[in-house]
Amino acid sequence: MSEPLAHADGVTRRFGDFTAVDDVTMTVEAGEIVGLLGANGAGKTTLIRMLLGLVLPSEGTIRLFGRPPSRETRVRLGYVPQGLGLYTDLTAVENLDFVAHAFAHNGLPETSKVAPEAGGRLVGDIGLGLQRRLAFEAALGHEPGLLILDEPTSGVDPLSRTRLWDTIHVQAERGVGVLVTTHYMQEAQQCDRLVLMSRGRRVAAGSDADIIGSTTAAEVDPAADWSRAFAVLDAAGLPVTLAGRRVRVADTPPERVRDVLAAGGVEAGVRSVPATLEEKMIIIERAATSGPSAPVASTRTAST
Amino acid sequence: MWAMIVKEFLELRRDRRTMAMIIVLPLVLLVVFGYAASFNVNDISTRVVGPRADQVAAELRGPFDVEGVDPAADEAAARDMLRDGDADVVVVTGTGPSTALVDGSQLFSAQTAVAAAAKSDGRLRPDVLYNPDLKTSWVMVPALIGMILTFIGTIITSIGLVRERQAGTLEQLAVMPFRPSDVIVGKIAPYFVLAAVDMVIVAVVGSLLFDVPFIGSPLIFVVGGALFLFTVLGIGVLISTVSQNQGQATQLALMTMLPQILLSGMIFPLESMAAGVRWIGYLLPLTYFIQIANGTMLRAAPISAQWIPLVVLAGMATLVFTAAVLRFRRDLAPRRRATPPSGPERTAPLAGAR
């Protein structure tokens, strides 16, 4: 069996007494899309920075294409950072031309779909959606084997988001391994495999079905007074979410929800339904926050 | 409004650099420049040559500070002494009145020497060389070239580098297959070229507009300029590595520029500064560039007379530029591990520059 394109093996990264990533193991294989999920500060960006070789792990090993990150591995790497990494005072063509020369290949500006759309405008003067597509083109121009995307669709409209995900799927079908961080659950469900992080630790991994498992949620009958139901359940400290007018409580038996509602003066039917990925994440995050052995306790913040 | 004032003070209290600029810097400037800001030259470095050298040297009074007497030397040797910067005034004695050869490139010393000679009842006849009309522009243009190079080297370079970091593109460069040296040289080369072009433009325009002569070796000037540029570019890179944003970079660059302008001899003569402040001037690269530019453009001083400032600048350039490159490289390549490695692979640097 060939080596994974990216392999983090028991990596930990500490900044002083703060542990941003704690003993995380994960892989990205050729042709698969791996979603890296977690709340802000979960350690996603630090893990990505370690995979890119920008930060050395305090413990554990990182391997890209079967070897430690190096100048050689970077030739096969495509990276779209959250901030896009484009030169805003250059035009789209000039940006693409620079990247093409950096990776010692030709033709990127000539084959660009974005450049004609952007015209001769400076990148700083074009819309965010177009900027993201440009960043994708720049990252894909040298036909990388591994694509690392840090919240690639942040701040773009749904149409542009769909386009970008089409691009990601096309790359995966070509055998490119993709590691993507996202806050959008719909996007997470487009991934072949997910890695959930919380407080620096890997807390779950697998497909969304694997991660959700048998976890259920209690859903309040939408015909009931949903706003009062939400207020009562929230006041009771339950992990309540609202989707449209559907009030749901993750990982809580319907009987318990019914009792709490009744105590709050709300009579409503409650049924058990499969939990969503978002609800599962909320459960995991709450457990990590309130659990007796929260893995990484610190009030310090760091770029994660 | 009160909330606004309180908020502003809270922000200021946490902005140590601005607080330093507001409180500490004025005090430092007051003390340093209080002692430095003087155009009065009390001691003029003087040598006396010719057959009556001993007698004339004994008769000379302040501001002439006789540092050497050579009865065997003639006027040609005296001119060489002046050209090589061995003294600001060389008195040539003979049978008649003595001639005080005055180095006009040392403007304030020369003015003082001429004024003192005028009061000698004809016993000392001044002959000003290298800047016979004692024009300020003649000594200011070489110094201004240095100041402009300092401006480009520190302010423009540091802002340019910090902008790259602020925009997040420095990280992008770090994951491209560049060597750190590619990035560093690529970033600095345009500023070096622009500053070099500026150096030529200012020298040419200065000569055309103010009739400032350029009688020395262009090669010495170019070498001195290049060494000076490396030093100030290195300072600019160093500033960028400790600045979070362009405002901080500008603040720091100004803090390094101000002493250079005021204590390098560009405005106030070094010899008129109090000894406690003068040594600061000798730590500044602009001091040595001005010596080279002045000596080359106005006096045609040969390499044998210029080697000290050239060597000092070479040392400064090596020191500062190496420190700058090492610090800048740290931004591109990961630092050593936070804790000792447990396996040989884990020390592999990102940069792949090996």
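Model, not experiment: these values are computed from the prediction. Sequence order sets the numbering: in each chain, residues are counted from 1 along the sequence as written. The naming scheme follows written order: chains are lettered A onward, ligands numbered 1 onward. Residue-level local features of this predicted model are given only where pLDDT is at least 70; pairs of side-chain atoms are given and counted only at 80 or more, and the full residue set underlies all totals for whole chains, interfaces and linings. With hydrogens and water excluded, all non-hydrogen atoms of the structure serve as input to the side-chain values.

J.: Is there a simple way to explain the environment of Thr46(B) in this structure?
T.: Residue and element names in this part refer to chain B. Only DSSP runs of H or I covering at least 4 residues are called helices, and only runs of E covering at least 2 are called strands; the numbering of each starts at the N terminus. With respect to the helices, strands and loops of the structure, Thr46 is situated in strand S1 (residues 44-49). Each C-alpha atom of the pair Thr46 and Ala57 lies 9.2 Å from the other, and the pair is 11 residues apart in sequence. Sequence-distant contacts of Thr46, defined by excluding residues within four places in its chain, comprise Leu60, Phe64, Asp65, Val66, Glu67, Gly68, Ala87, Val89 and Val91. At a separation of 2.7 Å, a polar atom in the side chain of Thr46 contacts the main-chain carbonyl oxygen of Ile44. By definition, residues are in contact when any of their heavy atoms lie within 4.5 Å. In protein, a polar contact requires one atom able to donate a hydrogen and another able to accept it; more generally it is a pair of N or O atoms within 3.5 Å, and residues adjacent in sequence count only if both atoms are side-chain atoms.

J.: Sorry, what's going on with the packing of aromatic side chains here?
T.: Two numbers describe a pair of aromatic rings. These are the distance of the centres and the angle of the planes. Pairing of aromatic rings covers Phe, Tyr and the six-membered ring of Trp, with a centre-to-centre limit of 6.5 Å; geometry is then stacked below 30 degrees between planes, edge-to-face above 60, and tilted otherwise. Applying the stated criterion to the full structure yields seven aromatic pairs over all chains. Ring centres 5.1 Å apart and planes at 45° place the aromatic pair Phe192(B) and Phe230(B) in the tilted group. Separated by 38 residues along the polypeptide, Phe192(B) in helix H8 (residues 180-210) and Phe230(B) in helix H9 (residues 218-241) bring together distant segments of the chain. A relative accessible area of 24% places Phe192(B) in the partly exposed class. Linked through ring pairs, Phe214(B), Phe221(B), Phe228(B) and Phe289(B) together constitute an aromatic cluster. Look at NZ for Lys and CZ for Arg. If either is within 6 Å of the ring centre and within 35 degrees of the ring normal, a charge sits over the ring. One cation-aromatic arrangement involves Arg76(A) over Phe65(A); the distance from NZ or CZ to the ring centre is 4.0 Å. Taking the ring centre of Tyr184(A) as reference, the NZ or CZ of Arg161(A) above it sits at 4.0 Å. Buried, partly exposed and exposed residues are distinguished by accessible area as a fraction of the type maximum, computed with a 1.4 Å probe on protein chains only: under 20%, between the cut-offs, and over 50%, respectively.

J.: Would you mind going over the environment of Ile239(B) with me for this structure?
T.: Residue and element names in this part refer to chain B. In this fold, Ile239 is placed in helix H9. Accessibility expressed as a relative area gives 6% for Ile239, which makes it buried. Between the C-alpha atom of Ile239 and that of Leu263, which follows or precedes it by 24 residues, the distance is 20 Å. Sequence-distant contacts of Ile239, that is, excluding residues within four places in its chain, are made with Ser158, Ala249, Leu252, Ala253 and Thr256.

J.: Can you help me understand the domain arrangement of chain A in this one?
T.: The split into domains, and so the bounds of each, comes from an automatic or database assignment of domains. Annotation of chain A at the domain level lists domain 1 (6-208) and domain 2 (216-274). A straight line from the C-alpha centre of domain 1 of chain A to that of domain 2 of chain A covers 38 Å.

J.: What is the right way to read helix H7 (residues 158-173) of chain A from this model?
T.: One full turn of an α-helix is made of 3.6 residues, so residues set three or four places apart face in the same direction. All names here are of chain A. By definition here, a helix of n residues has an expected span of 1.5 Å times n minus one. Under the 1.5 Å per step criterion, the end-to-end length of H7 is 22 Å for 16 residues, consistent within 8% with the ideal 22 Å. Those residues of H7 that fall on the buried side of the exposure criterion are Ser160, Arg161, Leu164, Trp165, Ile168, Gln171 and Ala172. Buried residues of H7 fall within an arc of 135° about the axis and therefore sit on the same side. In H7, the exposed positions angled more than 90 degrees off the buried face are occupied by Leu159 and Glu173. Elements in contact with the buried residues of H7: strand S3 (33-38), helix H6 (128-140), strand S6 (146-150), strand S7 (177-181) and helix H8 (185-188). Where H7 begins, the side chain of Asp157 points an oxygen toward the backbone nitrogen of Leu159, at a separation of 3.0 Å. For this quantity, the arc is that covered by the directions from the helix axis to the C-beta atoms.

J.: Is there a simple way to think about the sheet that holds strand S11 (residues 240-243) of chain A in this case?
T.: Pairing between the strands of a sheet is mediated by backbone hydrogen bonds and can be parallel or antiparallel. Residue and element names in this part refer to chain A. Should DSSP find at least two bridges between two strands, the strands are regarded as paired. The strand order across the open sheet formed by four strands is S11-S12-S10-S13, and the pairing between neighbours is antiparallel. Either end of the sheet is taken by a strand with one partner, and the two such strands are S11 and strand S13 (270-274). Between one strand axis and the next, the sheet turns by 35° as a mean value, whatever way the strands run. Both strand S10 (residues 216-220) and S13 contribute to a ladder of five bridges, which runs antiparallel. Note that in S13 the partner of Ala218 across the bridge is Ser272. Sheet strands touched by helix H10 (residues 226-235): S10, S11 and strand S12 (246-250). Its angle to S11, the strand with the most contacts, is close to 155°. Angles run from 0 to 180 degrees between N-to-C directions of axes, and those axes are lines fitted to C-alpha atoms, restricted for helices to the stretch in contact. In the packing of helix H11 (residues 254-263) onto the sheet, contacts are made with S10, S12 and S13, and the angle to S13 comes to roughly 140°.

J.: Hey, could you run me through the environment of Gly264(A) in this one?
T.: Residues and elements named next belong to chain A. Along the chain, the position of Gly264 falls in the loop between H11 and S13. Between the alpha carbons of Gly264 and Phe230 there is a distance of 11 Å; along the sequence they are 34 residues apart. Beyond its immediate chain neighbours, meaning those up to four positions away, Gly264 contacts Arg228 and Val232.

J.: Quick question: what am I supposed to make of the UniProt feature "domain: ABC transmembrane type-2" (unreviewed entry) in chain B here?
T.: Per the UniProt annotation, the sites labelled "domain: ABC transmembrane type-2" (unreviewed entry) are residues 88-331 of chain B. Within the segment residues 88-331 of chain B, helix and strand shares are 71% and 7% respectively, and the terminal C-alpha atoms sit 48 Å apart. UniProt positions are given in the numbering used here, feature names are shortened, and annotations may be inferred rather than shown by experiment.

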